[in-house]
Amino acid sequence: MATELSFEYFTTDLYVMGDNKESQCGIDNQDYVSKLTKINLPMVIREIACGLEHTLIVTNEGLVYAFGSNLKGQLGVENISVACSPIQVQGINNLNCIKIAAGEYHSCLLTDENQAYQWGDNILKPQFIKQAQNIKCGLNFTIFQDDSLYLYKNQVLQALQIHSQISDFACSAYNLFYLDNNNNLYLHPETKLIENVSNIFSGYHLSLLTEDNKLYYYQDKQLIQVNISTNKIDSSFSKEFAIVLDEENKAIIINLKTQQQKEQEIVFHAISSGVNHLILIGNITRGQKQDEEQEEQEQIQEDEDDSILEQDGMSPIINKKIQQDQLQNTQQNNTFSFSIRKEIQLLHSIKTNNKETQTDDDIYYQLKYENEELRKKDQQQKKNLEMQILFQKTLQEQINRLTQENIILKQGQDKNQLLNLIKQKQQNLKNLIDEFYKKQRDFLELKK
């Protein structure tokens with residue numbers, strides 16, 4: 001008998017990499033993510049943006065979620081210092097977000113009604129700024145585009161005086177760039193950098209594509225070309241790494257220090273970079289919910305499949321009800337460790353089978369205490385290692401300094417010897433000249 005299908009559900013694969021000290025990559029208990037790592041979220045994501053130590057995402061329904069550091073309210077929630085999983089930004093439930101941007105300690109969004117809001121920098125609740133068509137962020141400023149460009153910094157909004165007709169604009173960490181109608185790129189206010197530019201992209205470093213598909217990024221007051229043979233359509237440059245998408249939407253990760261390039265075989269739909277971390281939107285997974293009878297028959301098989309998937313670093317596809325439950329649990333327990341949740345589920349199953357009397361609260365606090373003790377030990381080990389490294393570095397610096405001082409002293413001694421020799425030569429020459437003049441005078445006296 002055929003199984004009837006009641007509704008479809010979707011999840012989005014996110015890929016993350018880079019600094020994760022404040023959980024800005026959405027991974028718990030890991031300070032740095034050294035390679036592209038997939039995380040699954042129970043929602044469809046259509047927009048992403050990276051700040052210094054936080055990340056914003058927009059769901060297909062136009063809802064805004066955030067995770068990472070909330071040091072100055074950049075996550076838009078109260079009483080939370082760090083969130084390792086997405087939590088919904090408060091105060092914008094009735095807004096349909098179509099674009100987001102993030103800076104050092106602030107975040108902003110643009111609605112489908114062209115309303116621009118910003119929060120962070122110690123302002124928790126999203127504040128309406130102005131009507132706008134586009135928004136982009138530097139580290140400590142935001143640019144709003146309407147009839148012209150507006151700079152918003154330190155809670156002050158001012159129109160920028162730009163004489164050219166602007167076709168596009170982008171922000172780096174500290175600068176504003178724009179294209180005029182002749183495809184000339186300018187550094188604000190009126191410094192012309194390069195001609196025949198087709199696209200410009202915001203990031204810690206500005207990046208651009210020329211009309212002949214050459215890729216450049218702007219660093220230390222110069223344009224640096226990146227040699228990539230494939231046709232390029234998008235790029236985003238962080239402080240140390242860059243992502244480039246080719247025409248097949250496959251990514252190339254570049255280490256800007258070593259210039260090493262690594263091609264990825266996965267297709268990506270959007271990319272974003274912060275100062276030290278990268279986020280990419282991968283595939284959208286489609287599933288279907290079956291009727292209850294079929295679900296009961298397949299439950300055992302699903303449990304087995306789940307464990308296999310988790311071992312491979314993947315999360316199982318989830319139905320709509322589970323999706324809603326997970327999302328609600330995420331909002332209520334955003335600082336709760338993923339590993340603790342899994343262990344609680346396991347212990348709850350053991351307790352049920354063996355009719356133990358220990359409560360869930362006891363298990364929770366016991367696991368939380370053990371997890372905290374492990375975290376403290378790990379932090380102490382890291383501090384000890386850092387102290388050892390610092391001591392070795394200081395000792396090496398002292399050795400280098402003493403060696404350099406010995407070289408300088410030795411050079412100083414040689415210099416003094418050379419000066420004394422020069423003075424002696426000068427004195428000998430002076431004596432010769434005096435003797436010559438004396439003989440001349442004697443000769444003239446004899447001649448008279």
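Parameters at a glance
Residues numbered from 1 in each chain as written. Predicted model: local features only at pLDDT ≥ 70, side-chain atom pairs only at ≥ 80, totals over all residues. Heavy atoms only, no water. Helix = DSSP H or I, 4+ residues; strand = E, 2+ residues; numbered from the N terminus. Buried < 20%, exposed > 50% of the residue type's maximum accessible area, 1.4 Å probe, protein only. Contact = heavy atoms within 4.5 Å. Areas by Shrake-Rupley, 256 points an atom, 1.4 Å probe, with all protein chains shown as cover. Pairing = 2+ DSSP bridges. Axes fitted to C-alpha atoms, helices over the stretch in contact; angles between N-to-C directions. Salt bridge = Lys/Arg side-chain N within 4 Å of Asp/Glu carboxyl O. Lys, Arg positive; Asp, Glu negative; His and termini not counted. Polar contact = N/O pair within 3.5 Å; in protein donor to acceptor, adjacent residues only side chain to side chain. Patch = residues over 30% accessible without salt bridge, like charges linked within 9 Å, V, L, I, M, F, W, Y side chains within 5 Å. Phe/Tyr/Trp six-rings, centres within 6.5 Å; stacked < 30°, edge-to-face > 60°. Lys NZ or Arg CZ within 6 Å of the ring centre and 35° of its normal. Core = buried A, V, L, I, M, F, W, Y, C linked by side-chain atoms within 4.5 Å.

- As annotated in an unreviewed UniProt entry, the protein chain carries the name Regulator of chromosome condensation and is attributed to Paramecium sonneborni.

### Points about the overall build of the protein chain
1) Next: Each helix and strand in the protein chain was counted, giving four helices and 28 strands.
2) Next: Here the protein chain, with 448 residues, has 40% of them falling under the buried criterion.
3) Next: Partitioning the contacts of the protein chain with sequence separation of at least 6, the portion at a separation of at least 24 is 48%.
4) Next: When the accessible surface of the protein chain is split by element, carbon and sulfur atoms take 47% of a total near 27000 Å².

### Observations concerning the environment of Ala-101
1) Next: Residue placement: Ala-101 occurs in strand 7 (residues 97-102).
2) Next: Put simply, Ala-101 and Ile-135 are 34 residues apart on the chain and 6.9 Å apart in space, counted from C-alpha to C-alpha.
3) Next: When residues no more than four places from it in sequence are discounted, the contact partners of Ala-101 are Ala-49, Leu-56, Ser-107, Cys-108, Ile-135, Lys-136 and Cys-137.

### A look at the sheet that holds strand 8 (residues 106-111)
1) Next: Read across the open sheet, the four strands follow the order 7-8-9-10; overall the sheet is antiparallel. Edge positions in the sheet fall to strand 7 and strand 10 (123-131), since each has one partner strand and no second. Strand-to-strand twist of the sheet, defined as the mean angle between neighbouring strand axes without regard to direction, takes the value 20°.
2) Next: The sheet contact formed by strand 7 and strand 8 spans five bridges and is antiparallel. Of the residues in strand 8, the one forming a bridge with Ala-102 is Ser-107.

### Looking at the pattern of salt bridges
1) Next: Tallied over the full model, the rule gives seven salt bridges.
2) Next: Two residues, Asp-19 and Lys-21, come together in a salt bridge whose shortest N-O distance is 3.4 Å.

### Some points on the pairing of strand 18 (residues 191-194)
1) Next: One ladder, built from three bridges, connects strand 17 (residues 185-187) with strand 18; its direction is antiparallel. Opposite Leu-187, over in strand 18, you have Thr-191 as the bridge partner.
2) Next: In this antiparallel pair of consecutive strands, strand 17 and strand 18, the connection spans three residues.

### Details of the side chain of Asp-246
1) Next: Summarising the element assignment, Asp-246 is placed in strand 24 (residues 241-246).
2) Next: At 6.7 Å, Lys-250 is the nearest oppositely charged side chain to Asp-246, a buried residue that forms no salt bridge.
3) Next: A distance of 2.9 Å separates a polar atom in the side chain of Asp-246 from the backbone nitrogen of Glu-248.
4) Next: If we skip the residues at most four places from it in the chain, Asp-246 touches Thr-230, Asn-231, Lys-232 and Ile-233.

### Examining the pairing of strand 8
Within a regular strand, the side chains alternate between the two sheet faces.
1) Next: Within strand 8, six of the six residues are buried, which leaves it mostly tucked inside the rest of the structure.
2) Next: Here strand 8 shows a buried face lined by His-106, Cys-108 and Leu-110 and a second buried face lined by Ser-107, Leu-109 and Thr-111.
3) Next: In this structure, the hairpin formed by strand 7 and strand 8 is closed by a connection of three residues.
4) Next: Here strand 8 runs beside strand 9 (residues 115-120); their pairing, made up of five bridges, is antiparallel. Residue pairing in the sheet places His-106 in a bridge with Gly-120 of strand 9.

### Overview of a nonpolar patch on the surface
1) Next: A cluster of nonpolar side chains, contributed by Leu-429, Leu-432, Ile-433, Phe-436 and Tyr-437, occupies part of the molecular surface with about 530 Å² of accessible area.
2) Next: Mapped onto the secondary structure, Ile-433 falls in helix 4 (residues 360-447).
3) Next: Note on Ile-433: relative accessible area 40%, which makes it partly exposed.

### As for the packing of aromatic side chains
1) Next: Tallied over the full model, the rule gives six aromatic pairs.
2) Next: A centroid spacing of 5.6 Å and a plane angle of 70° characterise the contact between Tyr-117 and Phe-128, whose relative ring orientation is edge-to-face. With Tyr-117 in strand 9 and Phe-128 in strand 10, the pair connects residues that are eleven residues apart, well separated along the chain.
3) Next: Of note, Lys-130 hangs over the ring of Tyr-150, and the distance from its end group to the ring centre comes to 4.3 Å.
4) Next: Across the ring face of Phe-169, the terminal group of Lys-136 is positioned such that the distance to the ring centre comes to 4.9 Å.

### Comments concerning the sheet that holds strand 17
Note: strands within a sheet are paired through backbone hydrogen bonds, in either parallel or antiparallel orientation.
1) Next: Taken together, the four strands give an open sheet; going across it, the order is 15-16-17-18, and neighbouring strands pair in antiparallel fashion. Taken across any chain shown, the strands that pair with only one partner, and hence form the sheet edges, are strand 15 (166-171) and strand 18. Strand-to-strand twist in this sheet, taken as the mean axis angle between neighbours without regard to direction, amounts to 30°.
2) Next: Of the pairings in the sheet, the one linking strand 15 to strand 16 (residues 176-180) comprises five bridges and is antiparallel in character. In the strand pairing of strand 16, Cys-171 is matched with Leu-176.

### A short note on the nonpolar core
1) Next: With 36 residues, the main nonpolar core has Leu-14, Ile-45, Ile-48, Ile-57, Val-64, Ile-100 and Leu-109 as its most contacted residues.
2) Next: With residues up to four places along the chain from it excluded, the contact list for Val-64 reads Ile-57, Val-58, Ile-87, Gln-88, Val-89, Ile-92, Cys-97, Ile-100 and Leu-109.

### Some remarks on the environment of Val-226
1) Next: For Val-226, the position within the fold is in strand 22 (residues 222-226).
2) Next: For Val-226, a relative accessible area of 4% puts it in the buried group.
3) Next: For the pair Val-226 and Leu-215, spaced eleven residues apart in sequence, the C-alpha separation works out to 5.5 Å.
4) Next: Sequence-distant contacts of Val-226, that is, excluding residues within four places in its chain, are made with Leu-215, Tyr-217, Phe-237, Ile-254 and Gln-261.

### Notes on the environment of Gln-88
1) Next: Structurally, Gln-88 can be placed in strand 6 (residues 82-88).
2) Next: Expressed as a C-alpha distance, the spacing of Gln-88 and Val-58, which sit 30 residues apart in the sequence, is 9.7 Å.
3) Next: A polar contact is formed between the side chain of Gln-88 and the side chain of Asn-93, at a distance of 3.3 Å.

### Let's talk about unusual backbone geometry
Negative phi characterises most residues that are not glycine, and trans characterises most peptide bonds.
1) Next: Residue His-188 is joined to Pro-189 through a cis peptide bond whose omega torsion reads 15°.
2) Next: Tracing the sequence through the fold places Pro-189 in the loop between strand 17 and strand 18.
3) Next: The phi dihedral of Asn-122 is positive, around 70°, even though this residue is not glycine.
4) Next: Looking at the element boundaries, Asn-122 is found in the loop between strand 9 and strand 10.

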